[in-house]
Amino acid sequence: MILSWINHGASVLDLGCGDGELLSLLIREKQVRAQGIELSEQAIHSCVASGLSVFQEDIDTGLSEYSDGSFDFVILNQTFQQVRKPVFVLKEALRVGRKTIVGFPNFVNASARFQLFFRGKVPVTNALPYEWYDTPNLHFLSIADFRDYCKKRNIQIENSAFFRKNKSVRLLPNLFAEIGLFLLSS
Amino acid sequence: MNKLSQEIRSLYSGQTQTIGSLGNVETKYFTFANPPDLFTLESGEKIGPLTLAYETYGTLDEGKTNAVLIPHALSGDAHVAGTHPGEKKPGWWDDMVGPGKGIDTDKYFVVCSNVLGGCKGSTGPCSTNPQTRKPYGLGFPIVTIGDIVEAQRHLIDYLGIEKLLAVVGGSMGGMQVLQWMVGYPDRIRAAVPVATALKHTPQQIAFNAVGRQAVMADPEWKKGNYYTSSVPAKGLAVARMIGHITYMSDASMAEKFGRRTKPEKGSFKFSAEYEVEGYLRYKGDNFVKRFDANSYLYITKAIDCFNILNGHSLDSIFKGLKAKVLVLAFKSDWLYPSHQSQEIVKACKLAGVDASYCELNSTYGHDAFLLETEEQAKLISHFLRPVSNGKHYGGYQA
């Protein structure tokens, strides 16, 4: 889906790019000019080996070295819920990118609700595979929460897509989707 | 002790690759700037003829596209890797350079030259001044990192290399990398500045200044005119000892020496009691055997004067640079701390240069660029591969 939102030859900054899989795909399919930011040294090794441009940095400290609108797209895929300061990071992403793509696990999908309500346990699902003691996720939000937040802060949702087990979910995404993906502009 | 440090070295680096695997290598000499075509220094002074000592490893390919230049640090020389006939000790970056190593001599043609102002075969203060037929001494002009790189450029021209695949260097070698990026952006395809800085800070200048003071305070120094008598060994040794402290870290010293004392106790009250004292003395005394005190003054001065910005703004310094850049720093390096490398990264970002940055884990302080070769070698070889294959993805300027 991210692929279809990004136009040919665009400039892309991936915040928390991991081993650079998405950026490599975007380069191959869309000939984008790519740049990644990542904290893990091992992941940096993989990126460098793929010829990617990557910086070992903490996105929580901001993107002050980039001027406004210096990228066509800034991507926060599955890292948004893991940063310490999501408000600040999203604000920075929206400033630096003309468009921002945010993807995160929906913490209130049906399976999670079931586990929480009937079993009285913190949910462990496909999109939330971690136990309570080893999760890197710091913020727990739903698709509805994110929509509300964007409305409150006047962030434009230009497009959205929802997934469960890699399949698109159209009906009641906040209940059924495991992952929410948003295309935003400020 | 030599063997011990050798063992520590290979232990530190975690390398199982054979030491000196390049086999016997030889130093070559290139002389240029013969009168009347003298070499003009940044200061405007003219000097010539100049000789650069250099070594090359590997084979230059037909299109001359696989050359990697490795500028050396303060006390380095042209002898990067392999061994000289009759010597056991390999070159100073043997863990990194050789067949199958980080900078793979099976793939790349590696060039390293001793810096202008040095004392390992290139023209410097201990060379004979053709006008006086005596060593230059303090008659040698002040040289800059810019001059050092300009001299290297003559060598690269002489070798027939139009465009270097990469320039890779740490510390003062890293300054030369930055100088290539700014001075000859069209003649490099990649650059790897390691544990270095855009400019020397007051703290860095201070350490070098104390080193120079130690040399000049030695009565044997005689205003640099000691070539026919004994050398200022004490002063230079102290300078090197200070240097060595700044190259290590609190953790690496604690690990290497602890508070262990030497087995033999000298009769003198203040003889070296702790292992660390003995080690520093050994390093200092050893350095005197292989390094010229005046060269130490000239080269540390060149380092102190280094400021690649030189009145330019951070965002303009790398404007238009097409080369790919990999900036590396080490966590425990307090002499060239990582924020200085991040400043280089910032300049790259502001100019839209295709750059990458990694801060490597190491406890060895500034010395990590020589010792912590395993991760470094992996990163550099990974980085060079796509460059030599012609892949180029980055840069973000719209």
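Here is what the cut-offs are and how they apply
Residues numbered from 1 in each chain as written. Chains lettered and ligands numbered in written order. Predicted model: local features only at pLDDT ≥ 70, side-chain atom pairs only at ≥ 80, totals over all residues. Helix = DSSP H or I, 4+ residues; strand = E, 2+ residues; numbered from the N terminus. Rg over C-alpha atoms; globule rule 2.2 N^0.38 Å. Buried ≥ 20, exposed ≤ 12 C-beta atoms within 10 Å, placed from the backbone. Contact = placed C-beta atoms within 7 Å. pLDDT = per-residue confidence, 0-100. Nonpolar A, V, L, I, M, F, W, Y, C, P; charged D, E, K, R; others polar. Core = buried A, V, L, I, M, F, W, Y, C linked by C-beta atoms within 7 Å. Axes fitted to C-alpha atoms, helices over the stretch in contact; angles between N-to-C directions. Parallel < 35°, antiparallel > 145°, perpendicular 65-115°, else oblique. Left-handed = near helix turned anticlockwise from the far one by under 90°. Pairing = 2+ DSSP bridges. Right-handed = clockwise from strand over helix to strand, strands pointing away. Expected span 1.5 Å × (residues − 1).

Trainee: Can you walk me through the overall build of chain A in this structure?
Mentor: The number of helices and strands found in chain A is 7 helices and 8 strands. Over its C-alpha trace chain A gives a radius of gyration of 16 Å, about what one expects of a compact globule, namely 16 Å for 186 residues. Its C-alpha atoms give chain A principal-axis dimensions of about 50 × 35 × 30 Å. Among the 186 residues that make up chain A, the fraction classed as buried is 44%. Excluding contacts between residues fewer than 6 apart, the proportion of contacts in chain A whose partners are at least 24 apart in sequence is 59%.

Trainee: Help me understand the overall build of chain B in this model?
Mentor: The helix and strand inventory of chain B stands at 11 helices and 14 strands. The C-alpha radius of gyration of chain B comes to 21 Å, within 12% of the 21 Å expected for a compact globule of 398 residues. Its C-alpha atoms give chain B principal-axis dimensions of roughly 70 × 50 × 45 Å. Evaluated residue by residue, chain B yields a buried proportion of 51% over its 398 residues. Considering only contacts in chain B between residues 6 or more positions apart, those separated by 24 or more positions represent 73%.

Trainee: What is the right way to look at the confidence of the model for chain B in this model?
Mentor: A low pLDDT score tells you not to read the predicted coordinates there in detail. Residues and elements named next belong to chain B. With 94% of its residues at a pLDDT of at least 70, chain B reaches an overall mean of 93. In the predicted structure, residues 1–16 sits below a pLDDT of 50 and forms 15 contacts with residues beyond four places in sequence or in another chain. Among the prediction metrics, the complex's ipTM stands at 0.89, with pTM recorded as 0.91.

Trainee: What is the right way to look at the interface of chain B and chain A in this model?
Mentor: How big an interface is tends to be stated in terms of the accessible area lost upon association of its parts. Taken together, the contact between chain B and chain A spans 24 residues of the former and 22 residues of the latter. Looking at the side of chain B that touches chain A, the elements with two or more residues in it are α9 (338–350), β14 (355–360) and α11 (373–388) of chain B. Ranked by residue count, the leading element in the side of chain B that touches chain A is β14(B), at 6 residues. Its residues placed into classes, the side of chain B that touches chain A shows 13 nonpolar, 5 polar and 6 charged.

Trainee: Sorry if this is basic, but what is going on with the nonpolar core here?
Mentor: For soluble globular proteins, the rule of thumb is that nonpolar side chains tend to be buried together. V12(A), V68(B), V110(B), A166(B), A191(B), V192(B) and L328(B) are the most contacted members of the largest nonpolar core, which has 168 residues in total. For this core, the leading source of residues is helix α8 (residues 293–305) of chain B, giving 7 residues. If near-sequence neighbours (up to four positions away) are discounted, V192(B) is found in contact with A166(B), V168(B), V177(B), L326(B), L328(B), I380(B) and F383(B).

Trainee: Would you take a moment to explain the environment of I59(A) for this structure?
Mentor: Residues and elements named next belong to chain A. Here I59 lies in the loop between β3 (54–56) and β4 (71–77). In this structure the C-alpha to C-alpha distance between I59 and V87, which are 28 residues apart in sequence, comes to 12 Å. Among residues more than four places away in sequence, those in contact with I59 are L15, G16, I37, V83 and V89.

Trainee: What should I look at first to understand unusual backbone geometry in this one?
Mentor: Glycine aside, a negative phi is what most residues show, and trans is what most peptide bonds show. Each neighbour pair has its own omega, and for P35(B) with P36(B) the value is 10°, a cis peptide bond. Within the fold, P36(B) resides in the loop between β1 (28–32) and β2 (39–40). In this model, G48(B) is joined to P49(B) through a cis peptide bond whose omega is -5°. In this model, L172(A) sits at a positive phi of 40°, which is unusual for a non-glycine residue. The topology assignment puts L172(A) in the loop between β7 (167–168) and α7 (173–176). Judged by local crowding, L172(A) falls into the exposed class, with 12 C-beta atoms found within 10 Å. Even without a glycine there, the phi angle at R133(B) is positive, about 60°.

Trainee: Please explain the packing of helix α4 (residues 202–217) of chain B against α8(B) as it appears in this structure.
Mentor: Each pair of packed helices gets described by two things: the angle between the helix axes and the distance between those axes. All names here are of chain B. It is at 10 Å that the axes of α4 and α8 come closest, and there the two elements cross at 160°. Considering their axes alone, α4 and α8 lie roughly antiparallel with respect to each other. As for the relative orientation of α4 and α8, their crossing is left-handed in sense. Along its contact with α4, which presents I205, N208, G211, R212 and V215, the element α8 presents A293, Y296, L297, T300, I303 and D304.

Trainee: Please clarify how the pairing of strand β5 (residues 97–105) of chain A should be interpreted in this entry.
Mentor: The two faces of a sheet get side chains in turn, since along a regular strand they alternate between them. Residue and element names in this part refer to chain A. Counting buried positions along β5 gives 8 out of 9 residues, so the element sits mostly inside the fold. Note that β4 and β5 share 6 bridges and pair parallel. Its bridge partner lying in β5, V74 is registered against T100. A crossover connection joins β4 to the parallel β5 through helix α4 (residues 86–96); in handedness this β-α-β unit is right-handed. In the sheet, β5 pairs with strand β8 (residues 179–185) via 6 bridges, with the strands oriented antiparallel. The residue bridging G103 from the neighbouring strand is L181, located in β8.

Trainee: Is there a simple way to think about the environment of G98(B) in this case?
Mentor: All names here are of chain B. Take G98: it is sitting in strand β6 (residues 97–98). Using a count of 28 C-beta atoms within 10 Å as the deciding quantity, one classes G98 as buried. For G98 and T18, which are 80 residues apart along the polypeptide, the C-alpha to C-alpha distance reads 9.5 Å. Apart from the residues lying within four places of it in its own chain, the contact partners of G98 are S21, L22, A81 and T105.

Trainee: So what exactly am I meant to see when it comes to the environment of A73(B) here?
Mentor: All names here are of chain B. Relative to the assigned elements, A73 resides in the loop between β5 (67–69) and β6. Overall, A73 belongs to the buried group, with 25 C-beta atoms counted inside 10 Å. For the pair A73 and I303, spaced 230 residues apart in the sequence, the C-alpha separation amounts to 9.8 Å. Apart from residues lying up to four places away in sequence, A73 is in contact with G170, S171, M172 and G173.

Trainee: Help me understand the pairing of β14(B), please; the structure alone is not making it clear to me.
Mentor: Residues and elements named next belong to chain B. Here β14 lies mainly inside the structure; 5 of its 6 residues are buried. Of the strand pairs in this sheet, strand β13 (residues 324–330) and β14 are connected by 6 bridges, and their pairing is parallel. Looking at the pairing, F330 lines up with L360 of β14. For the segment spanning β13, α9 and β14, crossover handedness is right-handed.

Trainee: Whenever I open this one, helix α5 (residues 233–247) of chain B confuses me. Can you help?
Mentor: Three- or four-residue spacings in an α-helix give side chains the same orientation, since the helix completes a turn every 3.6 residues. For α5(B), with 15 residues, the first-to-last C-alpha span of 21 Å sits near the 21 Å given by 1.5 Å per residue. What α5(B) keeps buried is the set G235(B), L236(B), A237(B), V238(B), A239(B), R240(B), M241(B), G243(B) and Y247(B).

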